[in-house]
Amino acid sequence: MKTKCMRYVHLYDTAQLQAWLEDQAARGWYLEDAGGGNTYGILPCFAYFIRGGEAARYRLIPMRTEGGGILRANIPEPDQGMQELYKGLGWQYLCNLRGYYVFSSADSAAPEPFTDADTACEALESVVRMTRRWLYSYLFSVALFVYAAGLSAGRTDFLFQWPIWSWLLFYLLFTVLVLRRYWTAKQRLDLARQGDLGERSGYRDAWYLRWGDLLLSVMPWLILLGAFAVAWAELIGSHHIYRP
Amino acid sequence: MFYVLMALTGGEKCGTEISAYIEEKAAGAVPMGPGTLYTILGRFLEGGLIQETYTAGRRKGYALTEQGRAAYGRELARLRRCVHDAETEPHR
């Protein structure tokens, strides 16, 4: 009987996530679906795992398209030709995770998805380019809110200052996350250029990485929720609201 | 890449048939994973060297275009020249 549960996918480091997934499979936990753990999800650290699966090998294949948004339905699935090609060579499409398509295989003889450095680098370069563009847009947002915070420095109006500082913090935290994604994608590209096509690499199961990722992922949303709650409480309690 | 063009000289094939052809022809000396093959097919489609001929269910068939056939001929001539040069090299 298959037991399904939502588990914490602890690594933002996609270069190592693959190795971690295989170790989880060796312990009997098989990735089934991304749950909220897709690229842009609100809960980017969780995915569905099952006990009693078959896949033993996982490979993260970089997405080539940039579609997507907060809602999972907007994230493009690999086209049918791609899925069929992978399936014909022993790889089954599972889900998308952190800008990568996750393919799994129970067949130890199935060929590695990328068998030459040239095509592997081409795929990874698209991830690096995409993440770099995100990074620039986040940095631009941070700069904008720093400017706004500077403009509002002289004001004592709590309702005016609080949203600016909340958004600034929100974008700062997301910038750190995107910077980390960019850094790990770049590292993976450098490894591919040296001929390491990502069959297997070790990972560090450090508590500060695990909890750091979770905190960084959830904190921006908590800050925004907090900002709305405080602003609402302030509005309710102040004379700004017209009460007939 | 050359082997992908070679696979299509005998007529249209889908991705898995191309991979099986290369595996058999090169006796495992040219490994061709699905990611690599998909990228190469994408490049060839973009460059006009091949075209999609059919979609049966999830399968897509590919065939060489005239431009692809000419590119295959040029590459074959270049490789023949390379082999000839190597074989006539007195210090080999």
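Residues numbered from 1 in each chain as written. Chains lettered and ligands numbered in written order. Predicted model: local features only at pLDDT ≥ 70, side-chain atom pairs only at ≥ 80, totals over all residues. Heavy atoms only, no water.

(A) Spatial organisation of the sheet that holds strand β4 (residues 57–62) of chain A. Residues and elements named next belong to chain A. With respect to topology, three strands assemble into an open sheet ordered β4-β6-β5, the strand pairing being antiparallel. Unpaired on one side and paired on the other, β4 and β5 (92–97) mark the two borders of the sheet. Going from strand to strand, the sheet's axes swing by 30° on average, the running direction of each strand aside. Across the sheet, helix α2 (residues 80–88) touches β4, β5 and β6 (100–105), and the angle it forms with β6 is around 30°. (Pairing = 2+ DSSP bridges. Helix = DSSP H or I, 4+ residues; strand = E, 2+ residues; numbered from the N terminus. Axes fitted to C-alpha atoms, helices over the stretch in contact; angles between N-to-C directions. Contact = heavy atoms within 4.5 Å.)

(B) Local environment of the interface of chain A and chain B. Across the contact, 21 residues belong to chain A and 20 residues belong to chain B. Interface area lost by chain A to chain B is led by Glu84(A), Leu85(A) and Thr115(A), which between them contribute 31%. Remark: the boundary between chain A and chain B carries two salt bridges. Notably, a salt bridge pairs Arg43(B) with Asp118(A), separated by 3.3 Å at the nearest N-O pair. Where chain A meets chain B, there are ten residue pairs in polar contact (both at pLDDT 80 or more). Mapped by element, the contributors of at least two residues to the side of chain A that touches chain B are α2 and α3 (117–151) of chain A. (Buried area = accessible area lost by both parts, 1.4 Å probe. Salt bridge = Lys/Arg side-chain N within 4 Å of Asp/Glu carboxyl O. Polar contact = N/O pair within 3.5 Å; in protein donor to acceptor, adjacent residues only side chain to side chain.)

(C) Fine view of the sheet that holds strand β2 (residues 50–56) of chain B. Residue and element names in this part refer to chain B. What the three strands build is an open sheet, ordered β1-β3-β2; its pairing is antiparallel. Because the sheet does not close on itself, it has two edges, and the strands there are β1 (13–14) and β2. Strand direction decides the pairing type here: β1 and strand β3 (residues 59–64), joined by two bridges, are antiparallel. Among the inter-strand pairings, Lys13 is bridged to a residue of β3, identified as Tyr62. Docked against the sheet, helix α1 (residues 2–9) engages β1, β2 and β3, running at close to 90° with respect to β3.

(D) Focus on the packing of aromatic side chains. Applying the stated criterion to the full structure yields 13 aromatic pairs over all chains. Judged by centre distance (4.2 Å) and plane angle (20°), the rings of Tyr86(A) and Phe103(A) are stacked. With Tyr86(A) in helix α2 and Phe103(A) in strand β6, the pair connects residues that are 17 residues apart, well separated along the chain. Comparing Tyr86(A) with Phe103(A) shows no difference in burial state: the two are buried. Judged by centre distance (5.8 Å) and plane angle (80°), the ring pair of Tyr93(A) and Tyr101(A) falls under edge-to-face. Through a chain of ring-to-ring contacts, three or more aromatic side chains come together here, namely Tyr138(A), Phe145(A), Trp167(A), Phe170(A), Tyr171(A) and Phe174(A). Taking the ring centre of Tyr21(B) as reference, the NZ or CZ of Lys13(B) above it sits at 5.3 Å. (Phe/Tyr/Trp six-rings, centres within 6.5 Å; stacked < 30°, edge-to-face > 60°. Buried < 20%, exposed > 50% of the residue type's maximum accessible area, 1.4 Å probe, protein only. Lys NZ or Arg CZ within 6 Å of the ring centre and 35° of its normal.)

(E) Structural detail: the pattern of salt bridges. Residue and element names in this part refer to chain A. For the structure on display, the rule yields ten salt bridges over all chains. Here Glu22 makes a salt bridge to Arg59, at a shortest N to O gap of 2.7 Å. Residue Glu22 is located in helix α1 (residues 14–26), and its partner Arg59 is located in strand β4; the two are separated by 37 residues in the primary sequence. Of the two residues, Glu22 and Arg59, neither departs from the other in class, the shared state being buried. For Asp190, the salt bridge goes to Arg193, with nearest N and O atoms at 3.8 Å. Of this pair, Asp190 and Arg193 both sit in helix α4 (residues 158–193), separated by three residues, roughly a single helical turn.

Without other data, these values stay purely geometric and don't point to any function.
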